[in-house]
Number of protein chains: 2
Amino acid sequence: MSARSVCIVGSGNWGSAIAKIVGNNVKERREHFKECVPMYMYEEEFNGRKLTEIVNTEHENIKYLPGIKLPENVVAIPNLLEASKDADILIFVLPHQFVKKICDELQGKIKTSAIAVSLIKGFAISEEGIQLISRLISNILSIPCGVLSGANLAGEVASEQFCETTIGSKDKEIGELLKLLFETPYFHCSVVEDTDTVELCGALKNVVAIGAGIVDGMGYGDNTKAAVQRLGLMEMIKFAEVFFEGSKTSTFFQSCGIADLVATCHGGRNRLLGENVVKSKKSLKELEKEILKGQSFQGPLVAKEIYGMLEEKDMLNRFPLFVAIHNICERKMDPKEFVNCLRNHPEHL
Amino acid sequence: MSARSVCIVGSGNWGSAIAKIVGNNVKERREHFKECVPMYMYEEEFNGRKLTEIVNTEHENIKYLPGIKLPENVVAIPNLLEASKDADILIFVLPHQFVKKICDELQGKIKTSAIAVSLIKGFAISEEGIQLISRLISNILSIPCGVLSGANLAGEVASEQFCETTIGSKDKEIGELLKLLFETPYFHCSVVEDTDTVELCGALKNVVAIGAGIVDGMGYGDNTKAAVQRLGLMEMIKFAEVFFEGSKTSTFFQSCGIADLVATCHGGRNRLLGENVVKSKKSLKELEKEILKGQSFQGPLVAKEIYGMLEEKDMLNRFPLFVAIHNICERKMDPKEFVNCLRNHPEHL
């Protein structure tokens, strides 16, 4: 096959870090990829200038990833269809609440031979309940969609600190192609076929991270936090077993599993949310305004979604950690009660 | 069976924290255990007074666990044979280098019906190579020996912060008896039969924790540290597979596995050692003098022992993280090279 055209759909913190990697990789691997990488960027003003213009002249996303130079072959484009029309590989990396709308716009407008990869954390909510983002993309666009997820805090990836990630692809060849696109000496990609679990980990770990933040906020030490992480992992595995047939426990040993869980429980913003839920009496909305300047925390959304799924299956008792985190985020439970919910965990029976 | 007599052999930081738990539990469970708990304490002077005398009058181990009151039914005894002569359950909780000598002294002097449980981290080294401490105890004393290991930093356990632990016992009944002895609302015990792996985790995690400290010292963030923990865990599992037939991967999901690994990589003193190995040019001996006032770090001892085992099996290539940590501790490798050793880890093939 001739060299493939790659398009990045999204340009936030993580999208920009990935743009740096992909932009550099395609330059070095020209037999596989075309050099120019269009990046769809939702147009906004920053300090009185258009953000696309800043990216294309200064080669830096000064709003979402300041201080990191992007390769010049990454070109920010504010028009979605223009950015994506020639793409053989579409990298989806935007907040999960925008995916459906974006895919609806792309439907019928992209190459039918294209493939997609989702770097998005979270679930989509449809009328039938929760849906994996990669399936949503795949269903709307009628193309295969792999996933990439791992212990990858964007700022650290952008500053080239060594880390690992996991690529999930049911098709092995696509998996290897994606590895070629993303792997660098500081960003190691392992490929597995168990796509569902890779994606699931990326959503569920944010719930556990709120729990880690809660025990941090309560002043507990490393033992209690380790118990929260372990019990959280057990609930993640159980949840995958119950709702995603074919999920493999071995996938949890990949970077997308334990590594991402541990990194997020120590460094992510959902952990920070958990800490603040204890230390202040503000509502989630107020905390989002304060900490994320209005963006949404992933964890509480996912916690709410899975609470509904568990309730429907009459399985709330089996997931006391997930349930307590949801109730605490909704201010229906005092964070002080969190640890009590863990004392008689079904894992202990 | 009538109420059992319990003896604690050892009285350091962890021994004293366990004495608090056991002393309180036996008072509440008198149908199972006798109230008086002798604790063997190596006699030393502290501020001009005998430490046993301080413990028995002030009910506090002011040298090794200051600020924590011990139950009055825990009685410090400086004579090993006197402390242990009536014991039905012997709890071994002392630095691993003293175990053999202590067991040799106890041989033939304890009840033949007694059972033991080891809370000791590390390996014993005999002429035939490495030996698990629980086997050493069991072999010398001709009694069964279980183990207890988990994410249990002693100070946090002593201050009653919720945590989990894992009891390993090949005999189920003994496992349940030990659970009855150790479990409290803040110290949750799970029992598994895979004793070897429980014990192995407790030794190997200290090696990985040095690696976590090295990346901390180098200024890397949570992604790299998560990769070190994940690759470390993979090497732990592989090591168990190679050297301990019957080791189960599921045991690594217990508190003794991932939870203890994560807690130790964030809070333990072997992590601190790793950080200092990067930040100073001092030898291990000097760092021990400085940080531990002459006590030994567990991690480097274990790293050295497993290095020898791997070398003999011609398997050094398979364990680049363990090997690099050993070489860095011995000052044969620059810590700056550590991350490079992980880039082409066999887990990535």
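Residues numbered from 1 in each chain as written. Chains lettered and ligands numbered in written order. Predicted model: local features only at pLDDT ≥ 70, side-chain atom pairs only at ≥ 80, totals over all residues. Heavy atoms only, no water.

As annotated in an unreviewed UniProt entry, chain A carries the name Glycerol-3-phosphate dehydrogenase [NAD(+)] and comes from Patella caerulea. UniProt lists a comment for chain A under the heading Catalytic activity (unreviewed entry), and it reads "sn-glycerol 3-phosphate + NAD(+) = dihydroxyacetone phosphate + NADH + H(+)". Heading Pathway (unreviewed entry) of the UniProt record for chain A holds this comment: "Phospholipid metabolism; alpha-glycerophosphate cycle." (UniProt positions renumbered as here; feature names shortened; annotations may be inferred.)

A. Spotlight on the side chain of B:Asn206. Residue and element names in this part refer to chain B. Looking at the element boundaries, Asn206 is found in helix H8 (residues 195-217). At 3.0 Å, the side chain of Asn206 forms a polar contact with the side chain of Asn270. With sequence-adjacent residues up to four places away left out, Asn206 is seen in contact with Lys121, Thr264, Asn270, Gln298 and Gly299. (Helix = DSSP H or I, 4+ residues; strand = E, 2+ residues; numbered from the N terminus. Polar contact = N/O pair within 3.5 Å; in protein donor to acceptor, adjacent residues only side chain to side chain. Contact = heavy atoms within 4.5 Å.)

B. Representation of the sheet that holds strand E6 (residues 89-92) of chain A within the structure. All names here are of chain A. Read across the open sheet, the 8 strands follow the order E5-E2-E1-E6-E7-E10-E11-E12; overall the sheet is mixed. Each edge of the sheet is formed by a strand with only one pairing partner; in this case those strands are strand E5 (74-77) and strand E12 (187-192). Strand-to-strand twist across the sheet, computed as the mean angle between neighbouring axes with direction ignored, equals 25 degrees. Direction of pairing for strand E1 (residues 6-9) relative to strand E2 (residues 37-40): parallel, over a ladder of 2 bridges. Across the sheet, the residue bridging to Ile8 is Met39, located in E2. On the sheet, helix H8 (residues 195-217) packs against strand E10 (145-149), strand E11 (163-168) and E12 and is oriented at approximately 45 degrees with respect to E10. (Pairing = 2+ DSSP bridges. Axes fitted to C-alpha atoms, helices over the stretch in contact; angles between N-to-C directions.)

C. Region of the structure containing the sheet that holds strand E5 (residues 74-77) of chain B. Residue and element names in this part refer to chain B. The sheet built from 8 strands is open, its strands ordered E5-E2-E1-E6-E7-E10-E11-E12 with mixed pairing. Edge strands, defined here as strands with exactly one partner in the open sheet, are E5 and strand E12 (187-192). Averaged over all pairs of adjacent strands, the angle between strand axes in this sheet comes to 25 degrees, irrespective of strand direction. With 4 bridges connecting them, strand E2 (residues 37-40) and E5 associate as parallel partners. Across the sheet, residue Val37 finds its bridge partner in E5, namely Val74. Contacting strand E10 (145-149) and strand E11 (163-168), helix H10 (residues 255-267) runs over the sheet at an angle of about 140 degrees to E11.

D. Region of the structure containing the state of the cysteines. All names here are of chain B. Under the defined criterion, the tally for this structure stands at 0 disulfides over all chains. With no disulfide partner, Cys7 has as its closest neighbouring cysteine sulfur the one in Cys36, 9.9 Å distant. By relative accessible area, which is 45% here, Cys36 ends up partly exposed. (Disulfide = S-S within 2.5 Å. Buried < 20%, exposed > 50% of the residue type's maximum accessible area, 1.4 Å probe, protein only.)

E. Fine view of the UniProt feature "binding site: substrate" (unreviewed entry) in chain A. Residues and elements named next belong to chain A. Here the UniProt feature "binding site: substrate" (unreviewed entry) sits at Lys121, Arg269 and Asn270. The greatest C-alpha distance among the residues just named is 13.2 Å, despite their covering 150 residues of sequence, which places them together in space. Its location among the elements puts Arg269 in helix H11 (residues 269-279). Residue classification places Arg269 among the partly exposed residues on the basis of a relative accessible area of 38%. Here Arg269 is in contact with Leu292, Gln295, Ser296 and Phe297, once residues within four sequence places are set aside. As for its position among the elements, Asn270 is in helix H11.

F. The UniProt feature "domain: Glycerol-3-phosphate dehydrogenase NAD-dependent N-terminal" (unreviewed entry) in chain A, seen in detail. Summarizing the sequence annotation, UniProt attributes the feature "domain: Glycerol-3-phosphate dehydrogenase NAD-dependent N-terminal" (unreviewed entry) to residues 6-173 of chain A in the numbering used throughout. Taken end to end, residues 6-173 of chain A is 32% helix and 26% strand, and its two terminal C-alpha atoms sit 17 Å from one another.

G. Fine view of the pairing of strand E6 (residues 89-92) of chain B. Residue and element names in this part refer to chain B. Across the two faces of E6 the burial is the same, with Ile89 and Ile91 and Leu90 and Phe92 all buried. Here 4 bridges tie strand E1 (residues 6-9) to E6, and the two strands are oriented parallel to one another. Directly across from Ile8, in E6, lies its bridge partner Ile91. In terms of strand pairing, E6 meets strand E7 (residues 115-118) through 4 bridges, oriented parallel. Counterpart to Leu90 in the pairing with E7 is Ala116.

H. Geometry of the interface of chain B and chain A. Contacts between the two partners involve 41 residues from chain B and, on the opposite side, 41 residues from chain A. For the pairing of chain B and chain A, the buried interface totals around 3,500 Å² over both sides, and the portion due to carbon and sulfur atoms is 60%. Counting the surface chain B buries against chain A, the share from its top three residues, B:Phe162, B:Asn223 and B:Phe253, is 24%. Put simply, chain B and chain A have 2 salt bridges between them. Of the charged contacts, one joins A:Arg230 and B:Glu164 as a salt bridge, the two residues approaching to 2.7 Å between their closest N and O atoms. Counting across the interface, chain B meets chain A through 21 residue pairs in polar contact (both at pLDDT 80 or more). If one sorts the elements of the side of chain B that touches chain A by residue count, helix H9 (residues 222-243) of chain B sits on top with 11 residues. (Buried area = accessible area lost by both parts, 1.4 Å probe. Salt bridge = Lys/Arg side-chain N within 4 Å of Asp/Glu carboxyl O.)

I. Spatial organisation of the packing of H9(B) against helix H14 (residues 320-329) of chain B. All names here are of chain B. Where H9 contacts H14, the two axes come as close as 8 Å, and the packing angle between them is 105 degrees. Relative to H14, the element H9 is oriented roughly perpendicular. Residue-level inspection shows Val228, Leu231, Gly232, Glu235, Met236 and Phe239 of H9 in contact with H14, the latter providing Pro320, Leu321 and Phe322. Partitioning the contact of H9 with H14 into residue classes produces 7 nonpolar, 1 polar and 1 charged. (Parallel < 35°, antiparallel > 145°, perpendicular 65-115°, else oblique. Nonpolar A, V, L, I, M, F, W, Y, C, P; charged D, E, K, R; others polar.)

J. Geometry of the packing of aromatic side chains. Counting across every chain of the model gives 11 aromatic pairs over all chains. Between B:Phe239 and B:Phe319, the ring centres sit 6.2 Å apart and the planes meet at 85 degrees, which makes this aromatic pair edge-to-face. One end of the pair, B:Phe239, is in helix H9; the other, B:Phe319, is in the loop between helix H13 (298-312) and H14, with 80 residues separating them in the sequence. This pair shows no difference in class: B:Phe239 is buried, exactly as B:Phe319 is. In this arrangement the basic side chain of A:Arg318 is found over the ring face of A:Phe319, its NZ or CZ atom lying 5.8 Å from the centre. (Phe/Tyr/Trp six-rings, centres within 6.5 Å; stacked < 30°, edge-to-face > 60°. Lys NZ or Arg CZ within 6 Å of the ring centre and 35° of its normal.)

K. A look at the relation of the copies chain B and chain A. The two copies are related by a screw operation: chain B maps onto chain A through 180 degrees of rotation and 0.0 Å of translation along the axis, at an RMSD of 0.0 Å. Taken together, the rotation angle and the small translation identify this as a two-fold axis. The position closest to the rotation axis in chain B is occupied by the C-alpha of B:Val262, lying 3.7 Å away. Most of the interface of chain B is mirrored in chain A: 100% of its interface residues are interface residues there too. (Least-squares fit on C-alpha atoms with pLDDT ≥ 70 in both.)

L. Here's a closer look at unusual backbone geometry. With a phi angle near 55 degrees, A:Ser142 is a residue other than glycine that sits in the positive phi range. With respect to the helices and strands, the residue A:Ser142 is situated in the loop between helix H5 (133-141) and E10. In this structure A:Ser142 comes out as exposed when scored by relative accessible area, which is 62%. Residue B:Arg331 is not a glycine yet carries a positive backbone phi of 60 degrees. With respect to the helices and strands, the residue B:Arg331 is situated in the loop between H14 and helix H15 (338-343).

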